[in-house]
Amino acid sequence: MSPQRVVLIGGAGFIGSAIANRLAEAGISVLIPTRRRSRAGQVLLLPNVEVIETDCHDESVLNELFEDADAVVNLVGILHSRSGSPYGPDFARAHVELPTRIVAACKASGVGQLIHVSALGADAAAPSEYQRSKAAGEQAVRAATPEVAWTILRPSVVFGRDDGFLNLFARLAGVLPIIPLGGASARFQPVYVEDVAEVVWHCLNDSAAARDQTFELAGPTVYTLRQLVEYVSALVGHPRPVIPLPEGLAMLQAGLMELAPRPLMSRDNVRSMRADNIATAAPLPFGLRPTAIEAVVPGWLGPAGNQRARYNPMRRHARR
Ligand SMILES: NC(=O)c1ccc[n+]([C@@H]2O[C@H](COP(=O)([O-])OP(=O)(O)OC[C@H]3O[C@@H](n4cnc5c(N)ncnc54)[C@H](OP(=O)(O)O)[C@@H]3O)[C@@H](O)[C@H]2O)c1
């Protein structure tokens, strides 16, 4: 039986917006807490979706949010943190302490189901702090047994119209004559954001099959990072030579980028690419067929998509 009311923590972000859309479409009532309502533009106008500005790190706030909820989906995640061992304090707060509080609040409020979005490569012995903190967050979620049925989702890198991955390389190809690339030979199996949303909907709808399961989420094809960058730069009409950087130089490049207020890349990101980011078994659960990059990305990064994008400022102006 599908739930009536679902709380999406981190639901105003890239993946959360797709999930909110999918659940709203299915008639499920969705509650999204956010730190800044004004930045939740994607989900504010969806039917059946309520967005409230609050601090989800506060356990009493969580208890209140979860009061009438049948299920909770946790999407809070960050890519950069101050450094630390085994992971820095910002990773600890977002990836470990928050899931621990969410589990406690689920138990206190009698929420029966928790879906937690982790990441492929989460491992206590992984090379990056991001991955180690994601592993500790998973451990906190597994401790919800038996009161709360948990599902952990481990996506590879996620692509979609508003992603921060392919769009970043599209922008770089527009401004750089060559693309110096760390982790060029690291392998990824990118998964479509709508497929991730579909999996969440299936987990909610078939909670018995999803109970206490860890699912990897990936696409149909494995690419090196270099192949992805070459594909995107050709697609946006700026085919650029990619210059693979050895790890020492990639760390130097990332170290410099860390000085920016919103870094595109960090040394921890470079470390995370030491291991391939690919699924070990079927790319998606529930017999779902993954969507190929080539089937959808030209719709927004290809010539037709670019044509439509030229009208975006006018659409924004007309609020359409
Ligand atoms: N995108 C990918 O390729 C990818 C791949 C693998 C795993 N994942 C995981 O999937 C989840 C969602 O990713 P996404 O791409 O949708 O990220 P996103 O667009 O950055 O959204 C994450 C949301 O988390 C909330 N958040 C961030 N830092 C927070 C903090 N310190 N305290 C409270 N809330 C905070 C933000 O909510 P507000 O700003 O609204 O408060 C934000 O909307 C993350 O856990 C991420 O690690 C993503």
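Further up the page is the structure itself.
A brief structural summary. A quick note: this is a predicted structure, and the numbers were derived from the prediction, not measured.

## With respect to the overall build of the protein
In step 1: A tally of helices and strands in the protein yields 15 helices and 13 strands.
In step 2: For a compact globule of 320 residues, the expected C-alpha radius of gyration is about 20 Å, and the protein comes in at 20 Å, within 12% of that figure.
In step 3: With 320 residues in all, the protein has 49% of them scored as buried.
In step 4: Restricting to contacts in the protein with at least 6 residues of sequence separation, those with at least 24 account for 74%.
In step 5: Total accessible area on the protein is roughly 15100 Å²; 53% of this is exposed by carbon and sulfur atoms.

## A closer look at the site of the ligand
In step 1: Around the ligand, a shell composed of 22 residues is seen, among which Ile15, Thr34, His57, Lys134 and Val158 lie nearest.
In step 2: One of the backbone nitrogen or oxygen atoms of Val76 is found 3.2 Å away from an oxygen atom of the ligand.
In step 3: Protein coverage of the free-state accessible area of the ligand, which is 880 Å², stands at 80%.
In step 4: Contributions of two or more residues to the shell around the ligand are made by helix 1 (14–25) and helix 5 (129–142).
In step 5: For the shell around the ligand, the class distribution of residues is 12 nonpolar, seven polar and three charged.

## Considerations on a nonpolar patch on the surface
In step 1: Together, Leu249, Leu252, Leu256 and Leu259 make up a nonpolar patch on the protein surface, roughly 450 Å² of accessible area in all.
In step 2: With respect to the secondary-structure elements, Leu256 resides in helix 10 (residues 247–257).
In step 3: When its relative accessible area of 57% is taken as the criterion, Leu256 is described as exposed.

## Structural notes on the packing of helix 1 against helix 7 (residues 193–205)
For any two helices packed against each other, the geometry is given by the interaxial angle and the distance between the axes.
In step 1: Where helix 1 meets helix 7, the closest approach of the two axes is 8 Å, and the angle between their N-to-C directions is 55°. Relative to helix 7, helix 1 is oriented oblique. When the axes of helix 1 and helix 7 are compared, the crossing they make is right-handed. Side by side, helix 1 and helix 7 meet where Phe14, Ile15, Ala18, Ile19, Arg22 and Leu23 of the first sit next to Val193, Val196, Ala197, Glu198, Val200, Trp201 and Leu204 of the second.
In step 2: A per-class count over the contact of helix 1 with helix 7 returns 11 nonpolar, no polar and two charged.

## Overview of the environment of Glu194
In step 1: Within the element layout of this structure, Glu194 appears in helix 7.
In step 2: A C-alpha to C-alpha distance of 17 Å links Glu194 and Val30, two positions 164 residues apart in sequence.

## Digging into the sheet that holds strand 3 (residues 49–53)
In step 1: Spatial ordering of the open sheet is given by 3-2-1-4-5-6-11, a layout of seven strands whose pairing is parallel. Every interior strand has two partners, whereas the edge strands, strand 3 and strand 11 (213–217), have only one. Mean inter-strand twist for the sheet, computed between neighbouring axes without regard to direction, equals 20°.
In step 2: Two strands pair when backbone bridges link them, and strand 5 (residues 113–117) and strand 6 (residues 149–155) are joined in this way by five bridges, in the parallel orientation. In the sheet register, Ile115 faces strand 6, and the bridge partner there is Thr151.
In step 3: In this fold helix 1 packs onto strand 1 (5–9), strand 2 (29–34) and strand 3, with an angle of close to 170° to the strand it touches most, strand 1.

## A few points about the side chain of Asn167
In step 1: Within the secondary structure, Asn167 is located in helix 6 (residues 166–175).
In step 2: One polar contact links the side chain of Asn167 to the main-chain carbonyl oxygen of Asp163, over a distance of 3.0 Å.
In step 3: Leave out the neighbours within four places in its chain, and Asn167 touches Gly160, Arg161, Asp162, Trp300 and Leu301.

## Details of the pairing of strand 1
In step 1: Summarising burial for strand 1: four of the five residues are buried, a large majority.
In step 2: Regarding the hand of the β-α-β motif, the stretch spanning strand 1, helix 1 and strand 2 is right-handed.
In step 3: Where strand 1 lies against strand 4 (residues 71–74), four bridges are found, and the strand directions are parallel. Along strand 4, the bridge assignment pairs Val6 with Ala71.

## Some remarks on the nonpolar core
In step 1: Of all hydrophobic cores here, the largest spans 70 residues; its most connected members are Leu8, Leu23, Ile32, Val43, Leu166, Val297 and Leu301.
In step 2: The element best represented in this core is helix 7, accounting for eight residues.
In step 3: Discounting chain neighbours no more than four positions away, the residues touching Leu8 are Gly16, Ile19, Ala20, Leu23, Val30, Leu31, Ile32, Pro33, Val73 and Leu75.
In step 4: In this structure, Cys56, Val103, Val111 and Ile152 belong to the second largest nonpolar core, which totals 24 residues.

## Considerations on helix 10
The periodicity of an α-helix, 3.6 residues per turn, causes residues three or four places apart in sequence to face the same way.
In step 1: Every buried residue of helix 10 is accounted for by Ala250, Met251 and Ala254. Viewed end-on, helix 10 has its buried residues packed into an arc of 100°, placing them on one side of the element. Opposite the packed face of helix 10, turned more than 90 degrees from it, sit the exposed residues Gly248, Leu252 and Leu256.

Parameters and conventions
Residues numbered from 1 in each chain as written. Predicted model: local features only at pLDDT ≥ 70, side-chain atom pairs only at ≥ 80, totals over all residues. Heavy atoms only, no water. Helix = DSSP H or I, 4+ residues; strand = E, 2+ residues; numbered from the N terminus. Rg over C-alpha atoms; globule rule 2.2 N^0.38 Å. Buried < 20%, exposed > 50% of the residue type's maximum accessible area, 1.4 Å probe, protein only. Contact = heavy atoms within 4.5 Å. Areas by Shrake-Rupley, 256 points an atom, 1.4 Å probe, with all protein chains shown as cover. Near = heavy atom within 4 Å. Polar contact = N/O pair within 3.5 Å; in protein donor to acceptor, adjacent residues only side chain to side chain. Nonpolar A, V, L, I, M, F, W, Y, C, P; charged D, E, K, R; others polar. Patch = residues over 30% accessible without salt bridge, like charges linked within 9 Å, V, L, I, M, F, W, Y side chains within 5 Å. Salt bridge = Lys/Arg side-chain N within 4 Å of Asp/Glu carboxyl O. Axes fitted to C-alpha atoms, helices over the stretch in contact; angles between N-to-C directions. Parallel < 35°, antiparallel > 145°, perpendicular 65-115°, else oblique. Left-handed = near helix turned anticlockwise from the far one by under 90°. Pairing = 2+ DSSP bridges. Right-handed = clockwise from strand over helix to strand, strands pointing away. Core = buried A, V, L, I, M, F, W, Y, C linked by side-chain atoms within 4.5 Å. Arc of directions from axis to C-beta.

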